[in-house]
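# Coordinate analysis (summary)
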Amino acid sequence: MKRISVDFGSQTTKIYMPGCGVVLMEATCIAVEKYEDDGELKFEPKAYGDKARALSGRAAANTQIINPVDKGVIVNEALATELLSYFLEKIEIGRRTAKRTEAVFILPCGVKESVKERYRAVAEACGLGSVYFTFMPFAAILGHNKAISESEPMFILDIGYSLTNIAVISQDGIISGYSVSLGGGDIDVKIIDELADSHNLKIGALTAEKLKNTVGSLLEDDNKMNVVEGRGLRNGAPASVAVDSAGIYDCISSVADKILEYVNLLLTKLPAEVSSGVMQGGIYLSGGLIKLDGLPEYIEEQTGIPVNVSEEPQLAAVIGGGAIISSDDLLSRLADE
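Residues numbered from 1 in each chain as written. Predicted model: local features only at pLDDT ≥ 70, side-chain atom pairs only at ≥ 80, totals over all residues. Heavy atoms only, no water.

## Thoughts on the environment of Ser 10
- Mapped onto the fold, Ser 10 is located in the loop between strand E1 (2–8) and strand E2 (12–17).
- Relative accessible area serves as the criterion here: at 12%, Ser 10 is assigned to the buried category.
- Along the sequence, Ser 10 and Thr 28 sit 18 residues apart, while their C-alpha atoms lie 6.2 Å from each other.
- Ignoring anything within four residues of it in the chain, the contact list for Ser 10 reads Thr 28, Asn 67, Val 69, Asp 70, Lys 71, Gly 72 and Ser 162.
- At a separation of 2.8 Å, a polar atom in the side chain of Ser 10 contacts the main-chain amide nitrogen of Lys 71. (Helix = DSSP H or I, 4+ residues; strand = E, 2+ residues; numbered from the N terminus. Buried < 20%, exposed > 50% of the residue type's maximum accessible area, 1.4 Å probe, protein only. Contact = heavy atoms within 4.5 Å. Polar contact = N/O pair within 3.5 Å; in protein donor to acceptor, adjacent residues only side chain to side chain.)

Have a look at this one:
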């Protein structure tokens with residue numbers, strides 16, 4: 001019997017296998033070729049995962065890059081099944097092995113039952129034997145290598161590409177929490193707009209993300225710089241400009257500030273005893289955006305609450321999911337079918 005933890009994210013899919021670690025981390029996208037068959041529009045998969053993402057902005061006119069998961073919701077079950085089946089094959093879980101595989105899927109905080117049903121339908125279509133679901137805050141805290149306290153509340157802030165999970169939990173469950181449609185992708189959009197406005201340069205989503213990851217910083221004295229290539233808006237010719245950390249500081253801080261508004265909103269609704277526990281325990285940070293230079297310090301400064309950063313923020317949730325699927329006790333308490 002194999003066991004896996006699956007974080008089927010909007011931007012990246014991560015799969016963890018107990019005893020092996022993270023066995024897959026690829027882009028959650030699929031490249032499909034559009035064609036007509038007897039007057040009906042159909043789609044033929046051409047590339048999956050990272051290979052599909054590499055085609056973004058470079059694909060032929062009849063090729064479309066599709067993300068079957070958006071903001072934690074499966075929006076295209078057929079393509080999600082196609083993509084997940086491909087990922088499972090890559091880690092040597094074919095149709096026969098899938099029947100003997102237990103999987104826990106990590107879902108955003110507070111999703112509706114209909115969202116879970118879509119995940120279940122995709123998992124069953126992939127042939128997975130036993131399927132469980134847990135919420136992001138539980139998985140994220142376990143990914144910090146921390147046990148969920150019986151008495152003390154634990155505050156989790158997980159910032160992903162298109163979704164941020166904010167919650168206070170205990171062994172009894174989620175005390176208060178929600179997911180909001182904000183994340184690293186919003187910063188990418190602002191960077192694209194900023195370069196268009198200030199440098200008359202059109203860049204694509206992949207370039208904006210690369211710039212965010214290499215130059216982006218919330219350290220005010222940071223002076224990293226990178227040369228960005230794109231298309232001039234005035235003449236349409238190839239062009240390049242040098243962009244430093246200060247040039248995209250506002251793009252990052254505006255999104256961070258909006259996320260912190262939701263953090264403060266949750267904090268103001270907590271009972272006094274819970275607030276006291278959060279202040280003592282601090283905020284546990286996870287998610288890919290937490291790797292951004294200066295962001296943990298910015299969150300601590302703006303909230304006045306100490307922060308705890310996991311060793312691998314982007315992988316915390318899927319690692320925590322691995323802890324859940326490995327333990328019958330955790331599986332019974334923190335997951336359901």
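Here the narrative resumes.
## Side note on the sheet that holds strand E5 (residues 40–48)
- One open sheet holds the 3 strands; their spatial order is E5-E4-E6, and the pairing between them is antiparallel. What marks the edges here is a single partner per strand, and that holds for E5 and strand E6 (63–66). Sheet twist, expressed as the mean angle between neighbouring strand axes with direction ignored, is 35 degrees.
- Both strand E4 (residues 30–37) and E6 contribute to a ladder of 4 bridges, which runs antiparallel. Across the sheet, the residue bridging to Ile 30 is Ile 66, located in E6.
- Contacts from helix H2 (residues 77–90) reach E4, E5 and E6 within the one sheet, and its direction differs from that of E5 by about 25 degrees. (Pairing = 2+ DSSP bridges. Axes fitted to C-alpha atoms, helices over the stretch in contact; angles between N-to-C directions.)

## With respect to the nonpolar core
- Among the nonpolar cores identified, the biggest contains 44 residues, and Phe 155, Leu 157, Ile 191, Leu 295 and Ile 299 are the most heavily contacted of them.
- The residues contacting Ile 191, other than those within four sequence positions of it, are Ile 203, Ala 208, Leu 211, Lys 212, Ile 248 and Cys 251.
- Tyr 48, Ala 80, Leu 84 and Val 122 belong to the second largest nonpolar core, which has 32 residues in total. (Core = buried A, V, L, I, M, F, W, Y, C linked by side-chain atoms within 4.5 Å.)

## Some words on the pattern of salt bridges
- This model, assessed by the stated rule, comprises 14 salt bridges.
- In this structure, Glu 26 engages Lys 90 in a salt bridge whose closest nitrogen and oxygen atoms are separated by 2.3 Å. Here Glu 26, found in strand E3 (residues 21–27), pairs with Lys 90, found in helix H2; they are 64 residues apart in sequence, far enough to count as distant.
- Given the relative accessible area of 43%, Lys 90 is considered partly exposed.
- Of the charged contacts, one joins Asp 336 and Lys 116 as a salt bridge, the two residues approaching to 3.1 Å between their closest N and O atoms. Remark: Lys 116 occurs in helix H4 (residues 113–125) and Asp 336 occurs in the segment after helix H12 (328–334); sequence separation between them is 220 residues.
- Taking relative accessible area as the criterion, Asp 336 reaches 36% and is therefore assigned partly exposed. (Salt bridge = Lys/Arg side-chain N within 4 Å of Asp/Glu carboxyl O.)

## A short note on helix H9 (residues 272–281)
- Of all the residues in H9, the buried ones are Val 274, Gly 277 and Val 278. The arc enclosing the buried residues of H9, seen along the axis, measures out at 100 degrees, which places them on a common side. Along H9, exposed side chains directed more than 90 degrees from the buried face belong to Ala 272, Glu 273 and Gln 280.
- Residues of H9 that are buried in the fold lie against strand E11 (154–159), strand E12 (164–170) and helix H8 (249–269). (Arc of directions from axis to C-beta.)

## Looking at a positive patch on the surface
- A surface patch of positive charge is lined by Arg 95, Arg 96, Lys 99 and Arg 100.
- Position of Arg 96 among the secondary structure elements: in helix H3 (residues 95–98).
- Residue Arg 96 is classed as exposed on the basis of its relative accessible area, which comes to 70%. (Patch = residues over 30% accessible without salt bridge, like charges linked within 9 Å, V, L, I, M, F, W, Y side chains within 5 Å. Areas by Shrake-Rupley, 256 points an atom, 1.4 Å probe, with all protein chains shown as cover. Lys, Arg positive; Asp, Glu negative; His and termini not counted. Charge placed at Lys NZ, Arg CZ, Asp CG, Glu CD.)

## So, the sheet that holds strand E16 (residues 238–244)
- Judged by pairing direction, the sheet is antiparallel, and its 3 strands sit side by side in the order E14-E15-E16 without closing on themselves. What marks the edges here is a single partner per strand, and that holds for strand E14 (201–202) and E16.
- Both E14 and strand E15 (residues 225–232) contribute to a ladder of 2 bridges, which runs antiparallel. The residue of E15 that forms the bridge with Lys 202 is Arg 231.
- Strand contacts of helix H7 (residues 205–215): E15 and E16, with the helix running at about 165 degrees to E15, the strand carrying the most contacts.

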